[in-house]
Amino acid sequence: MFLILAVPRDDARTIRRIGVAFAIAALVLSIVVWVNVAQVAADESGSLAYPGEDHAWISAPPFNVRFTLGADGLSAPMVFMTALLTTLALYYSARTLEVRVKEYFILFLVLETCLFGTFLALDLVLFYVFWVVGLVPALLLVGVWGGEGRERAALKLFLFNLLGSVMMLLAILAVYSQAGTFDVLGAAAARPFSGAETPWTARVAFLAFFVAFAIRLPSFPFHTWMPEAQTAAPTAAGTVLAGAFLGTAGYGLIRIALPLFPAPFAYFVAEAWVLPVLAAASILYGALVCLAQWDLRRLVAHLSVVQMGFVTLGVCAAAVGHAIDPAAAASALAGAAMQVFAHGAIAGALFFLVGILYRRTDTHDLRSLGGLARRMPHAYGVVLVAGLAALGLPGLVGFWGELFVFKGSVGGAIAPAAFVGALGLLFAAACVVWKVVQHGFLGEMNGEKWVGLEDVTTWEKVTLWPLLLLVIVFGVYPAPLLDIVNAALALLLERLP
Amino acid sequence: MTLEQTLWLLAPELVLLGDGALLLLLGALPIRGDKRRWLPVVALGGIAGALFAAVSQWNVEVRFLSVLSCDRFSVAVDVIALVALGLVVLVSGFYARTRRVRYQGPFYALFLLCGLAICLSSAATDLVMALVALELLGIASYVLTGYVRGDPRAGEAAIKHFLYSVALSALTLYGLSWLYGVTGSTGLEAIASAVRASEAELRPAILPALVLIAVGFAAKVAAVPFHRPVPDVHAGTPAPVVAFLLVVPSIAGFAVIMRLFLVALPVDLVVLDADWRTLLMALAAITMTGGTFAAIWQDNVKRLLAYLAVAQAGYLLIGVVAASGQGIAAVLFALLAQTFGTLGALTAIVALARHTGSYAVESYAGMHKQAPEVAWPLLVCLLSMTGVPPLAGFVARLGLYAAAIEQGLLWLAVVGAFNGVVSLYCVWRLVRVLFLAPPVAGAQQAGGAIRRRPAVPLPLAVALGIAVTGVFATALLAGSLLTLLQGAAQVVSSV
């Protein structure tokens, strides 16, 4: 799984080839992992993790930080998505990038490694290490190769996320002082903070975790770094940032925040009402910004905010519902996990497309575009599929995530938030149809400016088609994905008190 | 104890002293030109010998000469300090040669005397011995500060450093004599038993003494608000000496602080234990915050690093305050991490100064193009200094925070963590210039005729290599290192 690009010379062509080759190798390995996990799930032997690496790292007596990796039905699809997006992004970069190729490819592979590590780590400190180290290549990718306003955007990305991360680190140490282990599963099994003490320690620790995840997710009101970073990021880095980097937060919510803190989580959902409000606000606010936004890239970034709102909503529903209505909780959690995966494919495709458009038109302003469908029918198709998938059109992958989240949450305590979410989705749909489709692709050609536009070329199709294929295949036939996700989540829910 | 045994226990100190004397002698000989390049080699040989002698004493635990103790704690501190000193000498060797420093023999001899002082201070179990050792260190460092004559700023720095330190030493001495007056002894254990016997009556008299001692030692490790002259001194001092001042004296300072407070005022006391911890806690919080926030506005790289090092002292104090075996081990580990991180960064700065000709942050623009072989290690060291995983600095912070949380000092860990974020912003300003900004045309001319990618001179490359390897290796081997250091920490924490 781990690859280090150690052949850096000034020969850009070789570097490009090696970079893409390694990414493909990782992609193949990630498929192997998926297949293995699927087999384990099919056995129903009840073992959670596909056994991976396990080495002691810092094992001085009071400490026992281990280098433990493992995959299950929750992480395997995300690892695959990361590998796929990185491969496509590097392929795209190999075609477009001219400056500082060597550093770019190295950083990109470091980012991929960190994302893998985040999805696979079964030790809290290891998770934190990958979580934070991943920020450094993200910072540099945006800061060095980005577009206008890149330095500010990169710094904002870095500091926002780092702030959340250090809170998480302290919470990890607090968990350790309670549970006596850094092991993700072991710590959850030890039920930290279940003693007779005040529940507030647990709640503060939970909030620290939640804020770290909410910042990266990104959830309203911590989302402001994201559109800025996405606007400034180079296209290829933007796709990975949106598709996989944000996904780590959704994954963290399901894998760490929920099992470690079931009680505080339920408290903040059902009694304090903070989390469902944030989730609903993310969806609604994201949708409203989409309505007001004419910059295509920012619009797509806010679509991510909308989609990730559903992840929060799903986990909230599971947190509050798992004791009352296990079926609904399982549905909501599966929806959240599906949504994380779907968002990877959808946001990836959309960002690629935005990049492709930008290369031709040099603008992100929808008002100056118009009638592109005539010149770029292929691009129009991609926008339709990915955009509608984001809005949960049946038959596309986004549908399942949103459907399950709704299904799991309408009956429970957070039904109002789910309704607000549905309303938000409506706004977002209106925005996509009205703005992107009508303004950008249909309608009158905006003067003679775009007459000479070239449609999506073959190599660009290579970057788009795998993602669209996923969107459609898993939209029509989600069973392979759903089965392994459900197997992993059933186990996760079973272990909650 | 026979004379031979005593001499053997003193071996690291004696080696350093002998080598220092040899260097003084060589310095007095009329050696010219090329042959002087062997002086740093002689110094390094002495350091290596002392290192070897120290390591061989790992399993010894014995008191000798009634004021010294050879135990794992002293050995651990000695090893860290000698590694740091070795790196400093490597860098200084290069500097002294290119800047044509006069009287190079004594220059290195002073470094070795500092090593001697640290070895003594780490072993001192008596107030007087500790103070004498720290004063020896102080005197050598004043001279080093002003060693490059002809630069008025260096002279100013030396005078400032001298006056300030002497004043604070006087305070410390006053506090120590007070402690002696109250308890009737200068031995740490004797003080502990005297205090234990009648804690309540002695408390009013000991408290002022504690404040005075804490102030004095806070100045030794450059804790805020007693750090004032540090950045000023560093702006006017040769960079290798800055590297020395930022790292080495604080190793000695922390060694003495840990032994003094934990042995003389052990944790089983009822109120006095809480007293000194509260005092240092406040100092830790102020130091972390003050150092970090002051670093935000620094435009001089040396000053920037100086303030970050000031903040480092605050993080280390967290571990001292935790006063547990885990905390002390974390402090020792952090000292090691700091040795590699801070010294590595300063080595890189010295190497880059050949291109930039100045220490202004802006002059580092585009250095990743001109000198990538220095810029990348610099980045690694800076990240380690700010506690970014998975480097040494991160493991150190992890240990320190964990020790604090274990002792119920969550708030101190929170203060530390937030300062960690701010310090990353400080470092970002330098990293941004290094990696994102295009090279400045003016910088090209400042250093005269500069080739586009000149090789890094060998001593600097070696020092940089050791530092970067150290930053990674200490993190990778953190488990076994921490286990070793816990053995060392038990000596002082379980009294």
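Rules used in this analysis
Residues numbered from 1 in each chain as written. Chains lettered and ligands numbered in written order. Predicted model: local features only at pLDDT ≥ 70, side-chain atom pairs only at ≥ 80, totals over all residues. Heavy atoms only, no water. Helix = DSSP H or I, 4+ residues; strand = E, 2+ residues; numbered from the N terminus. Rg over C-alpha atoms; globule rule 2.2 N^0.38 Å. Buried < 20%, exposed > 50% of the residue type's maximum accessible area, 1.4 Å probe, protein only. Contact = heavy atoms within 4.5 Å. Lys, Arg positive; Asp, Glu negative; His and termini not counted. Charge placed at Lys NZ, Arg CZ, Asp CG, Glu CD. Areas by Shrake-Rupley, 256 points an atom, 1.4 Å probe, with all protein chains shown as cover. Buried area = accessible area lost by both parts, 1.4 Å probe. Salt bridge = Lys/Arg side-chain N within 4 Å of Asp/Glu carboxyl O. Polar contact = N/O pair within 3.5 Å; in protein donor to acceptor, adjacent residues only side chain to side chain. Nonpolar A, V, L, I, M, F, W, Y, C, P; charged D, E, K, R; others polar. Expected span 1.5 Å × (residues − 1). Axes fitted to C-alpha atoms, helices over the stretch in contact; angles between N-to-C directions. Disulfide = S-S within 2.5 Å. Phe/Tyr/Trp six-rings, centres within 6.5 Å; stacked < 30°, edge-to-face > 60°. Lys NZ or Arg CZ within 6 Å of the ring centre and 35° of its normal. Patch = residues over 30% accessible without salt bridge, like charges linked within 9 Å, V, L, I, M, F, W, Y side chains within 5 Å. Parallel < 35°, antiparallel > 145°, perpendicular 65-115°, else oblique. Left-handed = near helix turned anticlockwise from the far one by under 90°. pLDDT = per-residue confidence, 0-100.

### A short note on the overall build of chain B
Stage number 1. Each helix and strand in chain B was counted, giving 21 helices and 2 strands.
Stage number 2. Over its C-alpha trace chain B gives a radius of gyration of 22 Å, about what one expects of a compact globule, namely 23 Å for 495 residues.
Stage number 3. Buried residues in chain B amount to 64% of all 495 residues.
Stage number 4. In chain B, once contacts between residues fewer than 6 apart in sequence are set aside, the share between residues at least 24 apart is 80%.
Stage number 5. When the 29 basic and 22 acidic side-chain charges of chain B are each reduced to a single mean position, those positions are 17 Å apart.

### Section: the overall build of chain A
Stage number 1. When helices and strands are tallied, chain A shows 20 helices and 2 strands.
Stage number 2. Taken over 497 residues, chain A has a buried fraction of 65%.
Stage number 3. In chain A, the proportion of contacts linking residues at least 24 apart, taken out of those at least 6 apart, comes to 81%.
Stage number 4. Only carbon and sulfur atoms are counted for the fraction: they give 64% of the accessible area of chain A, which is about 16400 Å².

### Quick notes on the interface of chain A and chain B
Stage number 1. Counting residues at the interface gives 31 residues for chain A, matched by 33 residues for chain B.
Stage number 2. Buried surface at the junction of chain A and chain B, summed over both partners, amounts to about 3000 Å²; 82% is from carbon and sulfur atoms.
Stage number 3. Joining chain A to chain B, the criterion identifies 1 salt bridge.
Stage number 4. As a salt-bridge pair, A:Glu151 and B:Arg432 come within 2.8 Å of each other at their nearest N and O atoms.
Stage number 5. Along the contact surface separating chain A from chain B lie 1 residue pair in polar contact (both at pLDDT 80 or more).
Stage number 6. Among the secondary structure elements, those contributing two or more residues to the side of chain A that touches chain B are strand 1 (50–58), helix 4 (124–133), helix 5 (135–145) and helix 6 (150–179) of chain A.
Stage number 7. When residues in the side of chain A that touches chain B are grouped by element, the largest group, 13 residues, is from helix 6 of chain A.
Stage number 8. Across the side of chain A that touches chain B, the residue classes tally to 25 nonpolar, 3 polar and 3 charged.

### Considerations on helix 3 (residues 101–120) of chain A
Stage number 1. An ideal rise of 1.5 Å per residue puts 28 Å on 20 residues; helix 3 of chain A measures up with 28 Å between its terminal C-alpha atoms.
Stage number 2. Here helix 3 of chain A lies mainly inside the structure; 17 of its 20 residues are buried.

### So, the pattern of salt bridges
Residues and elements named next belong to chain A.
Stage number 1. In the structure shown here, the tally under the stated rule is 7 salt bridges over all chains.
Stage number 2. In this structure, Arg152 and Glu228 form a salt bridge, with 3.0 Å as the shortest nitrogen-oxygen distance. You can see Arg152 sitting in helix 6 and its partner Glu228 sitting in helix 9 (residues 225–232), a full 76 residues away along the chain.
Stage number 3. Here Lys156 ties to Glu228 by a salt bridge, and the two come within 2.9 Å at their closest N and O atoms. One end of the pair, Lys156, is in helix 6; the other, Glu228, is in helix 9, and 72 residues separate them in sequence.
Stage number 4. One network of salt bridges, in which partners are shared, links Arg152, Lys156 and Glu228.

### Here's the deal with the environment of B:Ala239
All names here are of chain B.
Stage number 1. In this fold, Ala239 is placed in helix 11 (residues 239–264).
Stage number 2. The exposure class of Ala239 is buried, given its relative accessible area of 0%.
Stage number 3. Separated by 233 residues in the primary sequence, Ala239 and Thr6 place their C-alpha atoms 38 Å from one another.
Stage number 4. Residues in contact with Ala239, not counting those within four places in the same chain, are Tyr95, Lys302, Val350 and Tyr359.

### Remarks on the packing of helix 9 of chain A against helix 10 (residues 235–260) of chain A
Residue and element names in this part refer to chain A.
Stage number 1. Between helix 9 and helix 10, whose axes approach to 8 Å, the crossing angle comes to 145 degrees. Contacts between helix 9 and helix 10 involve Trp225, Met226 and Gln230 on the former and, on the latter, Gly238, Leu241, Ala242, Phe245 and Leu246.
Stage number 2. Its residues assigned to classes, the contact of helix 9 with helix 10 comprises 6 nonpolar, 2 polar and no charged.

### With respect to the state of the cysteines
Residues and elements named next belong to chain B.
Stage number 1. Per the counting criterion, the structure on display carries 0 disulfides over all chains.
Stage number 2. For Cys114, which is in no disulfide, the shortest distance to another cysteine sulfur is to Cys119 and amounts to 11 Å.
Stage number 3. What makes Cys114 buried here is its relative accessible area of 0%.

### Details of unusual backbone geometry
Stage number 1. The omega torsion across A:Leu217 and A:Pro218 is -10 degrees, close enough to zero to call that bond cis.
Stage number 2. Relative to the elements of secondary structure, A:Pro218 occurs in the loop between helix 8 (199–216) and helix 9.
Stage number 3. In the Ramachandran plot, B:Ala323 falls in the positive-phi region, its phi being about 55 degrees despite a non-glycine side chain.
Stage number 4. Positionally, B:Ala323 belongs in the loop between helix 13 (301–322) and helix 14 (325–356).
Stage number 5. Assessed through its relative accessible area of 6%, B:Ala323 is described here as buried.

### Some points on the packing of aromatic side chains
Stage number 1. For the structure on display, the rule yields 25 aromatic pairs over all chains.
Stage number 2. Centroid distance B:Phe261 to B:Trp276: 5.0 Å. Interplanar angle 20 degrees. Geometry classified as stacked. Pair noted here: B:Phe261 is in helix 11 and B:Trp276 is in helix 12 (residues 272–296), with a separation of 15 residues, a long-range link. There is no split in this pair, since B:Phe261 and B:Trp276 are both buried.
Stage number 3. Each residue in the set A:Phe127, A:Trp131, A:Phe206, A:Phe209, A:Phe210, A:Phe213, A:Phe261, A:Phe265, A:Tyr267 and A:Phe268 is aromatic and connected to the rest through ring pairs, giving one cluster.
Stage number 4. A:Arg203 extends its terminal NZ or CZ atom over the ring of A:Tyr267, reaching a point 3.4 Å from the ring centre.

### Section: a nonpolar patch on the surface
Stage number 1. The grouping of A:Leu288, A:Leu423, A:Leu426 and A:Phe427 at the surface amounts to a nonpolar patch, some 360 Å² of accessible area in total.
Stage number 2. Here the nonpolar patch gets 3 residues from one element, more than from any other, and that element is helix 18 (residues 415–441) of chain A.

### A few points about the packing of helix 9 of chain A against helix 13 (residues 296–321) of chain A
Residues and elements named next belong to chain A.
Stage number 1. One can describe the packing of helix 9 onto helix 13 by two numbers: an axis separation of 9 Å at closest approach and a directional angle of 140 degrees. For the element pair helix 9 / helix 13, the angle class is oblique. Crossing hand, helix 9 versus helix 13: right-handed. Between helix 9 and helix 13, the contacting residues are Met226, Pro227, Glu228, Gln230 and Thr231 on the first element and Arg297, Arg298, Ala301, His302, Ser304 and Val305 on the second.

### Some thoughts on the confidence of the model for chain B
Stage number 1. When pLDDT is averaged along chain B, the result is 82; 92% of the residues meet or exceed 70.
Stage number 2. Under a pLDDT of 50 for its full length, residues 442–453 of chain B has, in the predicted model, 16 contacts with residues more than four places off or in other chains.

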